[in-house]
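Architecture at a glance
Take a look at the letters that make up each chain.
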Amino acid sequence: MSGFDKVVTSYEEAMAGLEDNMTVIAGGFGLCGIPEGLIAQIQKMGTKGLTVASNNCGVDDFGLGLLLPNRQIKKIIASYVGENAEFERQMMAGELEVQLTPQGTLAEQMRAGGAGIPAFFTATGVGTPVAEGKEERNINGRDYILEESLTGDFAIVKAWKADRYGNLVFRHTARNFNPMAATAGKITVVEVEEIVEPGELDPNEIHTPGIYVNRLIKGNFEKRIEQRTVRSA
Amino acid sequence: MSGFDKVVTSYEEAMAGLEDNMTVIAGGFGLCGIPEGLIAQIQKMGTKGLTVASNNCGVDDFGLGLLLPNRQIKKIIASYVGENAEFERQMMAGELEVQLTPQGTLAEQMRAGGAGIPAFFTATGVGTPVAEGKEERNINGRDYILEESLTGDFAIVKAWKADRYGNLVFRHTARNFNPMAATAGKITVVEVEEIVEPGELDPNEIHTPGIYVNRLIKGNFEKRIEQRTVRSA
Amino acid sequence: MALTREQLAKRVAQELQDGYYVNLGIGIPTLVANYVPEGMEVMLQSENGLLGMGQFPTEDEIDADLINAGKQTVTMAKGASLFDSATSFAMIRGGHVDLTVLGAFEVDVNGNIASYMIPGKLIKGMGGAMDLVAGADNIIVTMTHASKHGVSKLLSNCSLPLTGRGCIKKVLTDLAYIEIKEGKFHLLERAPGVSVQQIIELTAGELVVPENVPEMNI
Amino acid sequence: MALTREQLAKRVAQELQDGYYVNLGIGIPTLVANYVPEGMEVMLQSENGLLGMGQFPTEDEIDADLINAGKQTVTMAKGASLFDSATSFAMIRGGHVDLTVLGAFEVDVNGNIASYMIPGKLIKGMGGAMDLVAGADNIIVTMTHASKHGVSKLLSNCSLPLTGRGCIKKVLTDLAYIEIKEGKFHLLERAPGVSVQQIIELTAGELVVPENVPEMNI
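Let me begin by describing the structure that accompanies this report.

Observations concerning the overall build of chain A
Counting secondary structure elements, chain A contains 5 helices and 11 strands. In terms of overall dimensions, chain A is globule-like: its C-alpha atoms have a radius of gyration of 18 Å, near the 17 Å expected for 233 residues. In terms of principal-axis extent, the alpha carbons of chain A reach across some 55 × 50 × 45 Å. Burial status across chain A gives 63% buried among its 233 residues. Long-range pairs, those at least 24 residues apart, make up 72% of the contacts in chain A between residues at least 6 apart in sequence. In the form shown here, chain A has an accessible surface area of approximately 8000 Å², with 43% of it arising from carbon and sulfur atoms. Considering chain A, the positive charge centre built from 23 side chains and the negative charge centre built from 31 side chains are found 2 Å apart.

Quick word on the interface of chain C and chain A
Residue-level contacts link 48 residues of chain C with 54 residues of chain A. Summed over both partners, the interface of chain C with chain A buries about 4200 Å², with 58% contributed by carbon and sulfur atoms. Counting the surface chain C buries against chain A, the share from its top three residues, C:D65, C:K71 and C:K124, is 19%. One salt bridge connects C:R165 with A:D143, and the closest N-O pair in it is separated by 3.0 Å. In this assembly, chain C and chain A are joined by 31 residue pairs in polar contact (both at pLDDT 80 or more). Examining the composition of the side of chain C that touches chain A, we find that 4 residues originate from one element, helix α3 (residues 85-93) of chain C, more than from any other. In terms of residue class, the side of chain C that touches chain A is built from 22 nonpolar, 14 polar and 12 charged.

As for empty space enclosed by the protein
All chains considered together, the criterion is met by 8 cavities of 30 Å³ or more. Considering only enclosed or pocket space, the largest cavity measures out at about 880 Å³ in volume. Around the largest cavity, the lining comprises 40 residues; the ones closest to its centre are A:H207, C:D84, C:T87, D:D84 and D:T87. Sorting the residues of the lining of the largest cavity by element identifies α4 (103-115) and α5 (178-183) of chain A, α4 (103-115) and α5 (178-184) of chain B, α3 of chain C together with α3 (85-93) of chain D as the ones contributing at least two each. A breakdown of the residues in the lining of the largest cavity according to their chemical character gives 20 nonpolar, 12 polar and 8 charged.

Observations concerning the interface of chain B and chain A
Each partner contributes residues to the interface: chain B has 22 residues there, and chain A has 22 residues. With both chains or domains summed, chain B and chain A bury close to 1800 Å², and 45% of this area falls on carbon and sulfur atoms. Looking only at chain B, the three residues that lose the most surface to chain A are B:P118, B:F121 and B:N204, adding up to 29% of its buried area. Scanning the region where chain B abuts chain A turns up 4 salt bridges.

What to know about α4(B)
Structural remark: α-helix, 3.6 residues per turn; residues separated by three or four positions point the same way. Residues and elements named next belong to chain B. Helix length check: α4 (13 residues) gives 18 Å between terminal C-alpha atoms against 18 Å at 1.5 Å per residue, within 8%. The buried fraction of α4 amounts to 13 of the 13 residues, a majority that puts the element mostly inside the structure. Backbone geometry just after α4 places G116 at a positive phi near 75°.

Some thoughts on the sheet that holds strand β7 (residues 113-114) of chain D
Within a sheet, neighbouring strands are paired by backbone hydrogen bonds and run either parallel or antiparallel to one another. Residues and elements named next belong to chain D. Read from one edge to the other, the open sheet built from 3 strands follows the order β7-β6-β9, with strand pairing classed as mixed. Here the strands that pair on one side only, and so sit at the sheet edges, are β7 and β9 (154-155). Here 2 bridges tie strand β6 (residues 106-108) to β7, and the two strands are oriented antiparallel to one another. Paired with E106 across the strands is A114, a residue of β7.

Criteria and cut-off values
Residues numbered from 1 in each chain as written. Chains lettered and ligands numbered in written order. Predicted model: local features only at pLDDT ≥ 70, side-chain atom pairs only at ≥ 80, totals over all residues. Heavy atoms only, no water. Helix = DSSP H or I, 4+ residues; strand = E, 2+ residues; numbered from the N terminus. Rg over C-alpha atoms; globule rule 2.2 N^0.38 Å. Buried < 20%, exposed > 50% of the residue type's maximum accessible area, 1.4 Å probe, protein only. Contact = heavy atoms within 4.5 Å. Areas by Shrake-Rupley, 256 points an atom, 1.4 Å probe, with all protein chains shown as cover. Lys, Arg positive; Asp, Glu negative; His and termini not counted. Charge placed at Lys NZ, Arg CZ, Asp CG, Glu CD. Buried area = accessible area lost by both parts, 1.4 Å probe. Salt bridge = Lys/Arg side-chain N within 4 Å of Asp/Glu carboxyl O. Polar contact = N/O pair within 3.5 Å; in protein donor to acceptor, adjacent residues only side chain to side chain. Nonpolar A, V, L, I, M, F, W, Y, C, P; charged D, E, K, R; others polar. 1 Å grid on protein atoms, 1.4 Å probe; cavity = no way out; pocket = protein on both sides within 12 Å on 5 of 7 lines; lining within 4 Å. Points joined across faces, edges and corners; volume = space filled by probe spheres on them. Expected span 1.5 Å × (residues − 1). Pairing = 2+ DSSP bridges.

Shape is all these values report; function is a separate question.
Structure below.
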């Protein structure tokens, strides 16, 4: 294939180059749309001192929670955390730095990071603990704070389908933070359910163009559900 | 139908409420993906003193150029203009105010306007005439200028397909500025080639959710080509 | 009688209008979806990337790729659309959602709201709440008027860290429907069987009481 | 002999690498696409919203909805993707394009570029040029070394309004291939048959000339 073929065949290759103290941007919302195999690989590698930006931090035995027992995460930037006991313990003990960020600000920070926008003003967080130490400015009669963008040494992303060139399609609400994360990594690694040949995806329906993707791997997903909620048929 | 049915059946209804001295955000790149019938309606209404934000300003007898002969445009915010003689005449005579804005900044300003971001930093335009009067700031070792967002009293948009709820799908490079324009209008009016029933579009493939759309009209498009360029078969 | 959770939801539902795009927070707000008036359609926004949230799935319909902001499995309504989180919050922060309903620990006479953090207790985070209160023009806060111990949650100044500053104008408690303007609470309605006196006693911030305070019609 | 337009394009094409995403400006840069080395694939970005631009269409293939940034009808290559203008410039401004090739009126020893505006003449606008020069790390400017009247376009200070400040590191003219660093032009290569003396005479800004200046291999 061509120089645009992003497919790798092993998780070792997928995460090669990840080193201690790097920053990782991760897609996913709760356990929905998370790159399960890439997280497992980081656990296996035992990389330490990571700063992780992700909306959540998984549960005790799944998702990013897997990186907690061996203290691989030094700092987490997230909007909602603490769905697991080990996280709580490490946070309370001061072993884990937690930077809480409003969900929309976090999403926009990742987008801005990928888009060459170093900082933007937002009304979110004005007058709250989030505003501490940040510039506040009144623009056209309303108060805003200045938020800086986020980028990572690595971005780990979960998509539904991809072609070999790294063009991505997401499915349902498993899209969530994944498209922004994909733009914000120096090296962006994507784990997908299905890889097709270039030309098989409708160019109009591609959610993330392959230019953002460095490595692509086909994964097997457990897709655990956090809140299984049903109605009677 | 329900309160989500955005379809109107006349151009009068589509552009009702447009008044002198309002700001209009327009989708389109050159003559590609422009809301032809909505522009024609503005010409017919004779609304004057308009501020128009659009990447270009059409040609002498098509697109936004149609609003020039009767001096309906007071100010144009665009990245590339002057494809027509009347535009040139009015600009040179000082009858038409032209605010040149880099194409990427213009696109981002519309997106920011729709997204509640009043201003953002960008490297584009640093040290150029575009930077005049704007705040310059060094962030992490690089110089940026602060750009404010754009919103309009009206946004006029061209899409390919829509369902009656205003969910939009664009086609090929006729997408261009249209999705951002759609988010930036107090009243967003969309002219489309085909209207289908809600549920007929795949929710994963909708480019612009109906929440941004106030009125929807089926148009007939000439789709004029500016630079017809072919190779031999 | 103080309103039940269901009655709170019913009262909020009276504020809906046909064609509204609505974001409902976790808890009581979620129940509002059950009381959309007959012949009216609203579309529910779930900030994890879904506009047009449907009911919970049947066993057969469950799809791990389709959840709401509370991480519950859901379905899509007719005319739904899906998008990424940046787009979702662009929608919210850009003021495109017609009505936001969410809970709180405290609100005050200046429209401040505290809803995500009790210092000393485990802090789970604000999720999308700060974006929702900053982005929406039309917000209804639902909460109990006072704690179990009779401590008012309608204050002169919020005591807890804020979720948003000066952004709340309407509060529905189990006792009263209250508007916030000009630095004061204004009593609009009282719950059936609840006296104005009871409300005054349980409202710590300055409360303006008109001559007639109608009972809610639920 | 000064390079022809085609030779300029050929020389630029030597800077391509397999798997490069490339944005080619209007004019000479566009011609680069014709000289992609055998066995190498590059993908062309068109800033109006297309990654993977193909060749011009046949009469039968013409589609008014598919144009490039120069407003010419085009086709899509295999593996192409389409997106809106904000996404397109997020790609450009975020530094994701591997190589940008564009023309200019002037460049100077500090890497400034002037390419869109001649005061007193009709000003058509910068289009996407300011975004492209600010967003890319790897830019090649192609232009003639001097005007028809022998006035150098490689200056100590650009005389025209800038398109970008301090962003140009490589310039290919019809006479020379030049690198800009530490406030000076550095002569890397000369066009076949062009003498170093000729280049020195037509370069107004400070030019560092190494002992050996190889001829371009075209």
